[in-house]
2 protein chains.
Amino acid sequence: MDAKEFREFGKAAVDYVADYLENIRENDVLPSVDPGYLLQQLPKQMPEAPEAWREILTDIDRVIRPGITHWQSPNMHAYYPTCVSYPSIVGEILSSGFGIVGFSWICSPACTELEVVVMDWLAKFLKLPSHFLHESEGPGGGVIQGSASEAVLVAVLAAREQAVRRERECHPEQSESEIRGKLIAYSSDQSNSCIEKAGVLAAMPIKLLPAGDDLVLRGAALKEAIERDVAAGLIPVICVATLGTTGTCAYDDIESLSSICEQHQVWLHVDAAYAGGAFALDECAELRRGLDRVDSLNFNLHKFMLVNFDCSAMWLRDANKVIDSFNVDRIYLKHKHEGQTQIPDFRHWQIPLGRRFRALKVWITFRTLGAEGLRAHMRKHIDLAIQFENLVKADERFEVVAPRALGLVCFRAKGDNEVTSQLLQRLMERKKIYMVKAEHRGQLFLRFVVCGMDPKPSDIQFAWTEIETQLTSLCAEQLVNARKAGELSELTHHLSGLHLTNETLQR
Amino acid sequence: MDAKEFREFGKAAVDYVADYLENIRENDVLPSVDPGYLLQQLPKQMPEAPEAWREILTDIDRVIRPGITHWQSPNMHAYYPTCVSYPSIVGEILSSGFGIVGFSWICSPACTELEVVVMDWLAKFLKLPSHFLHESEGPGGGVIQGSASEAVLVAVLAAREQAVRRERECHPEQSESEIRGKLIAYSSDQSNSCIEKAGVLAAMPIKLLPAGDDLVLRGAALKEAIERDVAAGLIPVICVATLGTTGTCAYDDIESLSSICEQHQVWLHVDAAYAGGAFALDECAELRRGLDRVDSLNFNLHKFMLVNFDCSAMWLRDANKVIDSFNVDRIYLKHKHEGQTQIPDFRHWQIPLGRRFRALKVWITFRTLGAEGLRAHMRKHIDLAIQFENLVKADERFEVVAPRALGLVCFRAKGDNEVTSQLLQRLMERKKIYMVKAEHRGQLFLRFVVCGMDPKPSDIQFAWTEIETQLTSLCAEQLVNARKAGELSELTHHLSGLHLTNETLQR
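Residues numbered from 1 in each chain as written. Chains lettered and ligands numbered in written order. Predicted model: local features only at pLDDT ≥ 70, side-chain atom pairs only at ≥ 80, totals over all residues. Heavy atoms only, no water.

### A short note on the overall build of chain A
Counting secondary structure elements, chain A contains 16 helices and 11 strands. Per-residue burial over chain A gives 65% buried out of 507 residues. Pairs at least 24 residues apart make up 73% of the contacts formed inside chain A by residues separated by at least 6 positions. Total accessible area on chain A stands at roughly 17,100 Å², and carbon and sulfur atoms take up 49% of it. Distance between charge centres in chain A, computed from 55 positive and 68 negative side chains, equals 1 Å. (Helix = DSSP H or I, 4+ residues; strand = E, 2+ residues; numbered from the N terminus. Buried < 20%, exposed > 50% of the residue type's maximum accessible area, 1.4 Å probe, protein only. Contact = heavy atoms within 4.5 Å. Areas by Shrake-Rupley, 256 points an atom, 1.4 Å probe, with all protein chains shown as cover. Lys, Arg positive; Asp, Glu negative; His and termini not counted. Charge placed at Lys NZ, Arg CZ, Asp CG, Glu CD.)

Pasting the structure below:
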């Protein structure tokens, strides 16, 4: 393929993407395919001869698109948002055109330096403590990781190595493996699976401490665990707190956790993958409480700031603690300016050696939207969640199970879990909207998250109508079946918890 | 930014990329900027209000492009190639437009299934043993990792967990931390830095065994190390062999290593990041020897197969060993079809939870080039390296220090390291071509790698002329300086190793 053909194919792809995103509401959010659908349609071998791009683009529409779950659809309400934006997509075009691998400054000075710039921009926009800025004196700064999982793993591994060094200095009589065998870390039982996974990968147990009834982890629980473990001869290493848990978007109490961590020289990392964007909003200023005392934090730009996945911002109070832990250098990686300047060699701040030019999409997105555009986007998500919450509250068949937090509303059909479970199954079969379930203390609930690039109030109304009419029809069917089976009395009892009557069911 | 503006901006970006790549020879391969060049030019804060895309694109040309090291330039000869291609860039456009996160099948069936398809296509193209195919019976298969570093880390961590489980079964009297303290891994002292880093991250020492004089690691060295370590009570876990070391593209002896690994139940991973592509070429069939006996291997598609970084193919003989080691699940990640089918949930095959739709760029690239196009691209790189090697050999001032391997020629100016070192410094200052140095047993040499999307014989001639004329002028200057300082006799002695005479220097 020559440049001329690329201009055609590339522009056709831009139009394809624009058409796709403009008309995304026309698709059911979930695809109607069964496992293996694509395997059956594609050849078993790579073609020997080149194929024409028009044919390939046709196939993308014919076989790929039907197997896409439409994350950019406003009818996506599962997990947390992964929002792309037009400027961010252009950032990906340019970054893939330059095709650089920015593992050190010399590998493309613009790649490293633009990352320094946008990470400082973002830290200021989020009103983070100044010691996280590259431009401040001191060893702090921000870096773009591929995902929250990687950011958490970097913190866990660096904390582990720091603890081992500290212990070896204090207790030279102990072997390294004795020390490693005593390391212990902490998080909440509400934290994301990637935190438990980080513990597995780091070969360091991460105890999942019980969050309170409000699903918040507090210093008291950490204190108790640390004191018990220290008494048993263990060495506490790191606590990974969460601002915006995956289940209910609960906020751990960073203030009280940091007090305990400081007392015990325990690294405090904050996983703010979802909620981090809200640091920028004055009305969410409470969320920032205690951040001046944490060692590191991460925040996903695709969740709230319209930068394409992958892009996970991470800040370190003292980046040297990571660099010291990870640095393994070779002669072919050395360059003239190394270590002479304030410019970081980000390869030492991360797991892999190679790194894409991710800062470009961040820069283009931030400039295209401006700070006001980013704040407006987040506020829109929040307002739409309030709209949904009010709809739930106004329908006596449903209940909200946790306070709405940012763009997430956790709710369920009143009564047995079975009703909520069947409702979700029905919604998944209809594929009009996509939510996932969660559970707390035996109670099953649904997570309604505002997602998509450009959701509108009418989309929320669409989702709500889908949910409540499906509950109505579900219950009506059950009533009919029960009548047939002569089990009316039992069902009436079952439905009473839903405040349903035959009358409501006729609606 | 609305869809209309995106169509304009996106198409302008496509044209920008096409112009950039078509005219890439006009740039010096290395940028003429000093550390901090960009920090000084950009504002300290994100703009409050949106900015126009034309302004942003102008800035990209004005401030970003001057700080780019041109990896796609045919005058790039450093590290190993990172080749983009036009179809692969289009793959990135489409993948960023869909904006999905494919951590499980339901998150976009096409994402998971297309990865199964292209990994099998690639395995067949590379003539890998059939147990690495998804379509074969059994637990083997391929997965796309972000980078070779991640692939190696996955292998190291999975091997570590498997070894711990096995030991705990055999020796229930030992504690887990006792076992972990005895784990030991192996690689060659020629292996990439990411392998040593994987050991650091995994908290498991990786011994870098001495390669032979030909820089090849063989079974005998591994056998000796393992036997010594086992006698000392250690537990050998994994050997990471390399096909195509970073320094000289040496090939470890997989056959003899696998015999030793099998005897000791040691996981054998092959890092074929660069050389892996050549498995596809009949004339390189020797490279595949022993691959039927390895547990896992990785190969970077950006190095030889024109797929944009990031895309590192990894195959596992038994994927369950990774899944068992890494699986930490949550209710919100569960879906209906899970575990019911042959379709993998790739989140359990990798470090992070999230994953981009990378298979799309692979598929589009493979179809656009066809198997014949991919083979032709690799053969072109090899032929150009042969051209360069012949030029080196024909000039008596230079010597080739290791056999040319694929697209890499290792060479030096004869005589003291100082000449080669100064030559490189001079070439770096002139910025016309970019190479990096390496060292073996005190001998400094330069690595000339054929890189870039579309290198031609004239580019090789350009590089050679630059190198040899710079040596000529370097020596001429030294001669002049020496004459001035009256140190002629000393210099003549110094230059004698270069077979230089005053006469040659006048050329």
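Still more to cover.
### As for the sheet that holds strand S8 (residues 398–405) of chain A
Residue and element names in this part refer to chain A. Pairing is antiparallel in the open sheet, where four strands are placed in the order S8-S9-S11-S10. For this open sheet the edge positions go to S8 and strand S10 (436–440), each flanked by a neighbour on one side alone. Adjacent strand axes in the sheet meet at a mean angle of 35° when their direction is disregarded. Note: strand S9 (residues 408–413) against strand S11 (residues 443–449), four bridges, orientation antiparallel. Within S11, the position partnered with valine 409 by the bridge is phenylalanine 448. In the packing of helix H12 (residues 359–393) onto the sheet, contacts are made with S8, S9 and S11, and the angle to S8 comes to roughly 155°. (Pairing = 2+ DSSP bridges. Axes fitted to C-alpha atoms, helices over the stretch in contact; angles between N-to-C directions.)

### Regarding the UniProt feature "modified residue: N6-(pyridoxal phosphate)lysine" (unreviewed entry) in chain A
Residue and element names in this part refer to chain A. UniProt's feature table lists "modified residue: N6-(pyridoxal phosphate)lysine" (unreviewed entry) at Lys303, given in the numbering used throughout. Considering the arrangement of structural elements, one finds lysine 303 in helix H10 (residues 301–304). Classification of lysine 303 by relative accessible area gives buried; the value is 13%. If we ignore the near neighbours within four places in the chain, the residues touching lysine 303 are Tyr80, Pro81, Cys83, Ala273 and Tyr274. (UniProt positions renumbered as here; feature names shortened; annotations may be inferred.)

### Here's the deal with the packing of helix H3 (residues 86–98) of chain A against helix H1 (residues 3–22) of chain B
The contact between H3 of chain A and H1 of chain B brings their axes to 9 Å, and the two run at 5°. With respect to each other, H3 of chain A and H1 of chain B are oriented roughly parallel. Contact residues: Tyr86, Ile89, Val90, Ile93, Leu94, Gly97 and Phe98 of chain A in H3 of chain A; Ala3, Phe6, Phe9, Gly10, Ala13, Val14, Tyr16, Val17, Tyr20 and Leu21 of chain B in H1 of chain B. For the contact of H3 of chain A with H1 of chain B, the per-class residue count stands at 15 nonpolar, two polar and no charged. (Parallel < 35°, antiparallel > 145°, perpendicular 65-115°, else oblique. Nonpolar A, V, L, I, M, F, W, Y, C, P; charged D, E, K, R; others polar.)

### A word on the interface of chain A and chain B
The interface is formed by 143 residues belonging to chain A together with 142 residues belonging to chain B. Here chain A is connected to chain B by 16 salt bridges. Ionic pairing is found between aspartate 19 of chain B and arginine 7 of chain A, a salt bridge with its closest N-O pair at 2.8 Å. Here chain A is connected to chain B by 56 residue pairs in polar contact (both at pLDDT 80 or more). Here the side of chain A that touches chain B takes 16 residues from helix H1 (residues 3–22) of chain A, the largest share from any one element. Looking at side-chain class alone, the side of chain A that touches chain B contains 83 nonpolar, 28 polar and 32 charged residues. (Salt bridge = Lys/Arg side-chain N within 4 Å of Asp/Glu carboxyl O. Polar contact = N/O pair within 3.5 Å; in protein donor to acceptor, adjacent residues only side chain to side chain.)

### Re the nonpolar core
In terms of nonpolar packing, the biggest core is built from 251 residues, with Ile64 of chain A together with Ile64 of chain B touching the most fellow members. Once residues lying within four places of it in the same chain are set aside, the contact partners of isoleucine 64 of chain B are Phe98, Ala110, Leu114, Phe357, Leu360 and Trp363 of chain A together with Tyr37, Leu38 and Asp59 of chain B. (Core = buried A, V, L, I, M, F, W, Y, C linked by side-chain atoms within 4.5 Å.)

### Here we look at the relation of the copies chain A and chain B
Turning chain A through 180° and shifting it by 0.0 Å along the axis lays it on chain B, with an RMSD of 0.1 Å. With respect to symmetry, the two chain copies, as superposed, fit the operation of a two-fold axis. Both copies share a contact surface, since 99% of the interface residues of chain A are interface residues in chain B too. (Least-squares fit on C-alpha atoms with pLDDT ≥ 70 in both.)

### Details of helix H12 (residues 359–393) of chain B
Residue and element names in this part refer to chain B. Helix length check: H12 (35 residues) gives 42 Å between terminal C-alpha atoms against 51 Å at 1.5 Å per residue, more than 12% under. The largest bend along H12 measures about 90° and falls at glycine 370. Across the 35 residues of H12, 25 count as buried, placing the element largely inside the fold. (Expected span 1.5 Å × (residues − 1). Bend = angle between axes of the 7 residues up to and from the residue.)

### Some words on the packing of aromatic side chains
Applying the stated rule across the entire model yields 32 aromatic pairs over all chains. An angle of 20° between the planes, with centres 4.7 Å apart, marks the rings of tyrosine 86 of chain A and phenylalanine 6 of chain B as stacked. Note that tyrosine 86 of chain A is positioned in helix H3 and phenylalanine 6 of chain B in helix H1, a pairing that runs across two chains. Look at phenylalanine 6 of chain B and you get buried, because its relative accessible area is 0%. Seen in terms of ring centroids, phenylalanine 9 of chain B and tryptophan 53 of chain B are 5.1 Å apart; in terms of plane orientation they differ by 25°. Their pairing is stacked. (Phe/Tyr/Trp six-rings, centres within 6.5 Å; stacked < 30°, edge-to-face > 60°.)

### Concerning the domain arrangement of chain A
Residue and element names in this part refer to chain A. Annotation of chain A at the domain level lists domain 1 (3–69), domain 2 (100–356) and domain 3 (374–506). Listed per partner, the contact involves eight residues of domain 1 and 11 residues of domain 3. Interface area for domain 1 against domain 3, summed over the two sides, is near 700 Å², with a carbon-plus-sulfur share of 59%. Contact with domain 3 buries area across many residues of domain 1, yet Arg25, Asp28 and Leu30 alone supply 62% of it, more than any other trio. For the interface between domain 1 and domain 3, the tally reads two salt bridges. Note that aspartate 28 is salt-bridged to lysine 432, the shortest N-O span being 3.2 Å. At the junction of domain 1 and domain 3, the tally comes to six residue pairs in polar contact (both at pLDDT 80 or more). When grouped by side-chain class, the residues that make up the side of domain 1 that touches domain 3 number four nonpolar, two polar and two charged. (Domains from an automatic or database assignment. Buried area = accessible area lost by both parts, 1.4 Å probe.)

### A closer look at the sheet that holds strand S11 (residues 443–449) of chain B
Strands in a sheet are paired, the pairing made by backbone hydrogen bonds, and the direction either parallel or antiparallel. Residues and elements named next belong to chain B. Pairing within the open sheet is antiparallel, and its four strands lie in the order S8-S9-S11-S10. At either end of the open sheet lies a strand with only one pairing partner, and these are strand S8 (398–400) and strand S10 (436–440). Across the sheet, the mean angle separating the axes of adjacent strands is 40° when strand polarity is ignored. Its contacts with the sheet place helix H14 (residues 457–485) against S8, strand S9 (408–413) and S11, and it is angled at close to 130° to S8.

### A short note on the environment of alanine 12 of chain A
All names here are of chain A. For alanine 12, the location among the structural elements is in helix H1. Sequence separation between alanine 12 and glutamate 161 is 149 residues; the distance between their C-alpha atoms is 50 Å. Once residues lying within four places of it in the same chain are set aside, the contact partners of alanine 12 are Trp53 and Leu57.

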